[in-house]
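The primary structure of each chain is shown beneath.
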Amino acid sequence: ALAIAHARPDAVVHAVELQPQALAWARRNADRRRDAGDTPINLVQGDVTDRALLTELEGGVDLVVSNPPYIPEGAVLDPEVADHDPHTALFGGADGLSVIKPMINNIARWLRIGGAVGIEHDDTNGDQVAELFRARRVFDRVVEHPDLAGRPRFVVAHRVATDVEAAR
């Protein structure tokens, strides 16, 4: 969120953080960036899977970017990650998709027609995440992207009009 606010001073940026301790750090960082001249961001404490979250943004968001907890439970991590990063920031259930699956409904709700989403996922879940977006008929141009090491790591999709929306 802070990088987007820095790169695009014309953007209205909203960020969501679940954990209070991480939210405090995010607020501190956001305040520092604002004081340095960046566009302020709207930082909200909440759960991105909550249907009541950010209802005021429905149909008005141009871009959603997300790095949710996506590592499958039981995965072996490097010590610099396992010993220092909070469990809730890393693990997304048994398959790594427990946050991503329900979040897709909110993404569909938030995005304007023509808006886009980019979401990071575990390198074992590229096909599944892409298929979750394809299964929602409000998304098209679903594309999987590799990270710099060549592992499948990101999915990008665009919001299209449903038949009802198109008929309006």
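Above this text sits the structure in question.
So, here's what we can say about the structure.

Rules used in this analysis
- Residues numbered from 1 in each chain as written.
- Predicted model: local features only at pLDDT ≥ 70, side-chain atom pairs only at ≥ 80, totals over all residues.
- Heavy atoms only, no water.
- Helix = DSSP H or I, 4+ residues; strand = E, 2+ residues; numbered from the N terminus.
- Rg over C-alpha atoms; globule rule 2.2 N^0.38 Å.
- Buried < 20%, exposed > 50% of the residue type's maximum accessible area, 1.4 Å probe, protein only.
- Contact = heavy atoms within 4.5 Å.
- Areas by Shrake-Rupley, 256 points an atom, 1.4 Å probe, with all protein chains shown as cover.
- Lys, Arg positive; Asp, Glu negative; His and termini not counted.
- Charge placed at Lys NZ, Arg CZ, Asp CG, Glu CD.
- Phe/Tyr/Trp six-rings, centres within 6.5 Å; stacked < 30°, edge-to-face > 60°.
- Lys NZ or Arg CZ within 6 Å of the ring centre and 35° of its normal.
- Pairing = 2+ DSSP bridges.
- Axes fitted to C-alpha atoms, helices over the stretch in contact; angles between N-to-C directions.
- Right-handed = clockwise from strand over helix to strand, strands pointing away.
- Expected span 1.5 Å × (residues − 1).
- Core = buried A, V, L, I, M, F, W, Y, C linked by side-chain atoms within 4.5 Å.

Take the overall build of the chain next. A count of helical and extended segments in the chain gives seven helices and six strands. Listing each helix as α and each strand as β along the chain from the N terminus yields α-β-α-β-β-α-α-α-β-α-β-β-α. For 168 residues, the compact-globule estimate of 2.2 N^0.38 gives 15 Å, and the chain sits close to it at 16 Å. Its C-alpha atoms give the chain principal-axis dimensions of about 50 × 40 × 30 Å. Buried residues in the chain amount to 35% of all 168 residues. When contacts within the chain are restricted to residue pairs at least 6 apart in sequence, long-range pairs at least 24 apart make up 62% of them. Only carbon and sulfur atoms are counted for the fraction: they give 53% of the accessible area of the chain, which is about 9800 Å². Here the chain carries 18 positive and 26 negative side-chain charges, and the mean point of each set is 6 Å from the other.

A ring pair, where both rings are aromatic, is described by two values, the distance of the centres and the angle of the planes. The final tally for this structure, using the stated rule, is one aromatic pair. Residues Phe133 and Phe139 carry aromatic rings whose centres are separated by 4.9 Å and whose planes lie at 85 degrees to one another, so their mutual orientation is edge-to-face. Phe139 matches Phe133 in its accessibility class, with the two residues each being buried. Cation over ring: Arg28 sits above Trp25, and NZ or CZ is 4.1 Å from the ring centre.

We now examine the sheet that holds strand 5 (residues 139–146). Spatially, 3-4-6-5 is the arrangement adopted by the four strands of the open sheet, whose pairing is mixed. Every other strand in the sheet has two partners, leaving strand 3 (61–66) and strand 5 as the edge strands with one partner each. Between one strand axis and the next, the sheet turns by 10 degrees as a mean value, whatever way the strands run. For strand 3 and strand 4 (residues 111–120), the ladder comprises five bridges, and the chain directions are parallel. Of the residues in strand 4, the one forming a bridge with Val64 is Val117. Most of the contacts of helix 5 (residues 100–110) go to strand 4, to which it runs at about 150 degrees, and overall it touches strand 3, strand 4, strand 5 and strand 6 (152–159). Running over the sheet, helix 6 (residues 126–135) touches strand 4, strand 5 and strand 6 and is turned about 170 degrees from strand 5.

Further remarks concern helix 5. The element helix 5 is extensively covered by neighbouring structure, given that eight of its eleven residues are classed as buried. Listing the buried residues of helix 5 in full gives Ile100, Met103, Ile104, Asn106, Ile107, Ala108, Arg109 and Trp110. Those residues of helix 5 that are buried lie in contact with strand 3, strand 4, helix 6, strand 5 and strand 6.

The pairing of strand 1 (residues 14–17) with strand 2 (residues 42–45) spans four bridges and is classified as parallel. Within the sheet, the bridge partner assigned to Val16 lies in strand 2 and is Val44. Regarding the hand of the β-α-β motif, the stretch spanning strand 1, helix 2 (residues 20–35) and strand 2 is right-handed.

Attention now moves to helix 2. With 16 residues, helix 2 should cover 22 Å at 1.5 Å per step; its first-to-last C-alpha distance of 22 Å lies within 8% of that length. Gly37 occupies a position one or two residues after helix 2 and carries a positive phi of about 110 degrees.

In terms of nonpolar packing, the biggest core is built from 28 residues, with Ile107, Val117, Phe133 and Phe139 touching the most fellow members. Of all the elements in the fold, those that place two or more residues in this core are strand 3, helix 5, strand 4, helix 6, strand 5 and strand 6. Considering each element in turn, this core owes the most residues, six residues, to helix 5. Phe133 has contacts with Ile104, Ile107, Val117, Ile119, Phe139, Val142, Val155 and Ala157, leaving out every residue within four places of it along the chain.

Scope: geometric values only; no functional claims are made or implied.
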